[in-house]
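# Survey of secondary and tertiary structure
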Number of protein chains: 2
Amino acid sequence: MHRTKVKIVEEALDANNTIARANRSDFDRSGVSVVNLMSAPGAGKTTLLEATLGGLDLRVGVLEGDVQGSADADRIAAMHIPVVQLNTDGGFGGECHLDANMVRSALPAFSLDDLDLLIIENVGNLVCPAEFKVGEDTRAMICSVTEGEEKPLKYPLMFRACELVVVNKIDLLEHLDYDLDKLLYNIDAVHPDVPKLLVSAKTGEGVDQFRDWLTQVAAGAPAPA
Amino acid sequence: MHRTKVKIVEEALDANNTIARANRSDFDRSGVSVVNLMSAPGAGKTTLLEATLGGLDLRVGVLEGDVQGSADADRIAAMHIPVVQLNTDGGFGGECHLDANMVRSALPAFSLDDLDLLIIENVGNLVCPAEFKVGEDTRAMICSVTEGEEKPLKYPLMFRACELVVVNKIDLLEHLDYDLDKLLYNIDAVHPDVPKLLVSAKTGEGVDQFRDWLTQVAAGAPAPA
C-alpha cells in the first residue's frame, strides 16, 4: 500500500516572507541589488550615505524609513539621488521597523530598471528591523562608538542578522572612555568573523572601504541575507 | 418609554492597561513612586543612574529591561542597590519594549514596601516603549547629543509621552557639529514646554538637578504619566 506523502508548505502563512520574496523577484527582474541598512537612532546612517554615495560609480536609489518626517530623505534628495520617504506613522500604525509590505508599497515610486543599487535605510532601532526580511540581498548595521561596547550582547539578533558591521564615529574615540577592542570582541562573540569596518562619516576615514563594499554588493558579491 | 442606557466599557479589552492599573495599585499600596526611564540604545540611561543614585537620599530599586544579558543590572548591583534584570528574550519573544505584564512578572522580586522609588529602565528604543504604560507615576526620556537634533521630529510620540527630557552627553558638544538650540526647539515643537535638563553623566554636570527631580517624583510632585 502506498502512503500519500504529505507536502509540508513551510512558512506558507508568513505573509512577510511571502511579500519579501515578491520584492526579491522584482529586484532580480530589474537587476538591482538591495542593501538593508540598520542601526540605533542617531548612529549615523544618513550621514554615512551622504559621505559615501557621491563618489559611488553606480546608479543608486535610497528608500528612507522613519516613523515620521522626511529629514533624511531631504538630505539625500539634496544630492540629486532618487529617494523615497516611507513613514511608518501614517497607515502603518507607527511601526518601529520596516517590513516587506511597507517596502513593497514604496517600490512603484522607483524606476527599478534604472538602478544598480537600492539602499533601504531602516527605522532607527536595534531590535525589530532585524526580524523582518524585506527582499534584500544583504544587510549592514551601523554601530556608533558613542553607544557603548556591550551593545552586541544586549541586541544579539541585530548583530547576527547582518553581513557587515560598520563601527561609526571613530573620530570621537579620543573623547570617550571606550574600549574598541572590547566592542570588536563582543561583536565576534555573537557573530564570529562578521566583516567589520571602522569608519568616521565625519572625517571620511574608512568611507572608501564602505563604498567598495557597496560596489561589491551591486556586483552580486556578498552572501545573501 | 425608558431607554436602557448602554454602558460603555472603554479599554476593557486592553490587557496592557488593565495590568498597568494592577501594577499601579500595588505601587500605591506600598507607597512607592515609579519612573519609567526610556531612551535610544546607548543614550546613557545606566550611566546616568550610576552617577545619580549614590547621592540620592531615598530607598531606590531598579528594574532593568533588556532583550538579553545583565550588563546594566550588574552595574547597578555593584552599587548595592536592589535591582532585577528582566530579559524580553526568554519567554517574551524578544520584545523591543517593556509592557505592563513583563513589569508585573518582576514585581515579586522586589520588596516594594521597602522602597520609596522604583526606576524602570526600559529597553533601549525610541518607538514602542512609549506605547506601553506599565503603571508608572511619570516618564523621563534621555536624548544624547550624539544622536542628532532632528530626533524629536522623527520619534514624536517618545518625546510627547514623557514628563522630562534629559539631554545627555553634553560634555561631547565641543567635539560635535551639533546645534543644541535646534534640538531644544524641536523638543518644544512636539511637546511644548516639557521640562528639560542638560546633563553630562560623565562630568556630573546637571546630575544634581536630575537627582532633585527624582526626589520630587518620590514626594509625589510631577504630574502623572
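Each residue is numbered by its place in its chain's sequence as written, counting from 1. For this description, chains carry letters from A and ligands carry numbers from 1, given in the order in which they are written. At least 70 in pLDDT is required for a residue's local features to be given in this predicted model, at least 80 for side-chain atom pairs to be given and counted, and no such filter applies to totals for whole chains, interfaces and linings, which use all residues. Note: side-chain values were computed over all heavy atoms of the structure, leaving out hydrogens and water.

## Concerning the overall build of chain A
Only DSSP runs of H or I with at least four residues qualify as helices, and only runs of E with at least two residues qualify as strands; both kinds are numbered from the N terminus onward. Along chain A, the regular secondary structure elements total eight helices and seven strands. Taken over C-alpha atoms, the radius of gyration comes to 18 Å for chain A, in line with the 17 Å a tight globule of 225 residues would show. Only heavy atoms enter the contact rule, under which two residues are in contact if any of them lie within 4.5 Å. The long-range share in chain A, meaning contacts at least 24 apart out of those at least 6 apart in sequence, stands at 72%. By element, 50% of the accessible surface of chain A is carried by carbon and sulfur atoms, the whole surface being about 9800 Å². Residues scored as positive are Lys and Arg, those scored as negative are Asp and Glu, and His as well as the terminal groups of each chain are ignored. Throughout, a charge is located at the NZ atom of Lys, the CZ atom of Arg, the CG atom of Asp or the CD atom of Glu. Averaging the coordinates of the 20 positive side-chain charges in chain A and doing the same for the 35 negative ones gives two points 8 Å apart. With C-alpha atoms as the basis for the radius of gyration, the globule rule is written as 2.2 Å multiplied by the number of residues raised to the power 0.38. Here the open area of atoms and residues is found with the Shrake-Rupley method and a 1.4 Å probe, where only the protein chains shown may cover a residue.

## Here's the deal with the sheet that holds strand 5 (residues 138–144) of chain A
Residues and elements named next belong to chain A. With parallel pairing, the seven strands of this open sheet are ordered in space as 3-2-4-1-5-6-7. Both outer strands of the open sheet, strand 3 (83–87) and strand 7 (196–198), are each paired with one neighbouring strand and no more. Pairwise comparison of adjacent strand axes, ignoring direction, gives a mean angle of 20 degrees for this sheet. As paired elements, strand 6 (residues 164–168) and strand 7 share three bridges and run parallel to each other. Looking at the pairing, Val 166 lines up with Leu 197 of strand 7. When DSSP locates at least two bridges between a pair of strands, those strands are taken to pair. Here the axes come from fitting lines to C-alpha atoms, over the contacting stretch only for helices, and the angles between their N-to-C directions go from 0 to 180 degrees.

## Some thoughts on the packing of helix 2 (residues 45–53) of chain B against helix 8 (residues 207–218) of chain B
Residues and elements named next belong to chain B. In contact at an axis separation of 9 Å, helix 2 and helix 8 are set at 80 degrees when each is read in the N-to-C sense. Classed by the angle they form, the pair helix 2 and helix 8 counts as roughly perpendicular. Along its contact with helix 2, which presents Leu 48, Ala 51, Thr 52 and Leu 53, the element helix 8 presents Val 207, Phe 210, Arg 211 and Leu 214. Note that Gly is not counted as nonpolar here; it falls among the polar residues with everything else outside the nonpolar set of Ala, Val, Leu, Ile, Met, Phe, Trp, Tyr, Cys and Pro and the charged set of Asp, Glu, Lys and Arg. Its residues assigned to classes, the contact of helix 2 with helix 8 shows six nonpolar, one polar and one charged. If an angle is under 35 degrees, it is roughly parallel; if it is over 145, roughly antiparallel; if it lies from 65 to 115, roughly perpendicular; otherwise it is oblique.

## A closer look at the relation of the copies chain A and chain B
What connects the two chain copies is a rotation about an axis and a shift along it. After a rotation of 180 degrees and a shift along the axis of 0.0 Å, chain A superposes on chain B with an RMSD of 0.0 Å. Here the two chains are linked by the operation of a two-fold rotation axis. Ranked by how close their C-alpha atoms come to the rotation axis, the residues of chain A are headed by Asn125(A), at 3.0 Å. Most of the interface of chain A is mirrored in chain B, where 100% of its interface residues again form contacts. Here the copies were fitted onto each other by least squares, based on C-alpha atoms from residues at pLDDT of at least 70 in both.

## Focus on the sheet that holds strand 6 (residues 164–168) of chain B
Residue and element names in this part refer to chain B. Spatial ordering of the open sheet is given by 3-2-4-1-5-6-7, a layout of seven strands whose pairing is parallel. Edge positions in the sheet fall to strand 3 (83–87) and strand 7 (196–198), since each has one partner strand and no second. The average undirected angle you get between the axes of adjacent strands in this sheet is 20 degrees. As defined by bridge partners, strand 2 (residues 60–66) adjoins strand 3 across five bridges and the pair is classed as parallel. Bridge pairing in strand 3 places Glu 64 opposite Gln 85.

## Section: the nonpolar core
Nonpolar cores were defined as sets of buried Ala, Val, Leu, Ile, Met, Phe, Trp, Tyr and Cys residues, with membership established by side-chain atoms within 4.5 Å. The buried label goes to any residue with under 20% of its type's maximum accessible area, the exposed label to any with over 50%, and the partly exposed label to all in between, with areas taken from a 1.4 Å probe on protein chains only. In terms of nonpolar packing, the biggest core is built from 91 residues, with Leu118(A), Val165(A), Leu118(B), Val165(B) and Val167(B) touching the most fellow members. Among the elements that make up this core, the one with the highest residue count is helix 7 (residues 180–190) of chain B (five residues). Beyond its immediate chain neighbours, meaning those up to four positions away, Val165(B) contacts Met141(B), Cys143(B), Phe159(B), Ile187(B), Val194(B), Pro195(B), Lys196(B) and Leu197(B).

## Describing helix 2 (residues 45–53) of chain A
Of all the residues in helix 2 of chain A, the buried ones are Lys45(A), Thr46(A), Leu48(A), Leu49(A), Thr52(A) and Leu53(A). Projection of helix 2 of chain A onto a plane perpendicular to its axis shows the buried side chains occupying an angular sector of 155 degrees, all on one side. By definition, the arc is the one covered by directions from the helix axis to the C-beta atoms.

## Overview of the interface of chain A and chain B
Opposite the 32 residues of chain A that make contact, chain B presents 32 residues. Summed over both partners, the accessible surface that disappears when two parts come together, traced with a 1.4 Å probe, is what is meant by buried area. Across the chain A to chain B interface the summed buried area is about 2500 Å²; carbon plus sulfur atoms make up 55%. Together, Pro41(A), Lys154(A) and His175(A) form the three largest contributors to the area buried by chain A at its contact with chain B, with a combined 23%. For salt bridges, the criterion is a side-chain nitrogen of Lys or Arg within 4 Å of an Asp or Glu carboxyl oxygen. Remark: the boundary between chain A and chain B carries five salt bridges. Two N or O atoms count as a polar contact when they lie within 3.5 Å, although within protein this holds only if one can serve as hydrogen donor and the other as acceptor, and sequence-adjacent residues are included solely when both atoms are side-chain atoms. Applying the counting criterion to the chain A and chain B interface returns eleven residue pairs in polar contact (both at pLDDT 80 or more).

## A closer look at unusual backbone geometry
A positive phi is found at His80(A), a non-glycine position, where the angle reads about 60 degrees. Mapping His80(A) onto the fold places it in the loop between helix 3 (71–77) and strand 3. The class for His80(A) is exposed, based on a relative accessible area of 74%. Phi at Lys169(B) takes a positive value of approximately 65 degrees, unusual for a residue other than glycine. Considering the arrangement of structural elements, one finds Lys169(B) in the loop between strand 6 and helix 7. Residue class for Lys169(B) comes out buried when judged on its relative accessible area of 13%.

## Structural notes on the side chain of Ser200(A)
All names here are of chain A. With respect to the secondary-structure elements, Ser 200 resides in the loop between strand 7 and helix 8 (207–218). Reaching out from Ser 200, the side chain makes a polar contact with the backbone nitrogen of Thr 203 at a distance of 3.0 Å. Other than its neighbours up to four places away in sequence, Ser 200 contacts Asn 168, Lys 169, Ile 170, Asp 171, Glu 205 and Val 207.

## Thoughts on the environment of Lys45(B)
Residue and element names in this part refer to chain B. Considering the arrangement of structural elements, one finds Lys 45 in helix 2. For Lys 45, a relative accessible area of 7% corresponds to the buried category. Separated by 121 residues in the primary sequence, Lys 45 and Val 166 place their C-alpha atoms 9.8 Å from one another. Each residue touching Lys 45, except ones within four places of it in the same chain, is listed here: Leu 37, Met 38, Ser 39, Ala 40, Glu 121, Asn 122, Gly 124 and Ile 142. At 2.9 Å, the side chain of Lys 45 forms a polar contact with the side chain of Ser 39.

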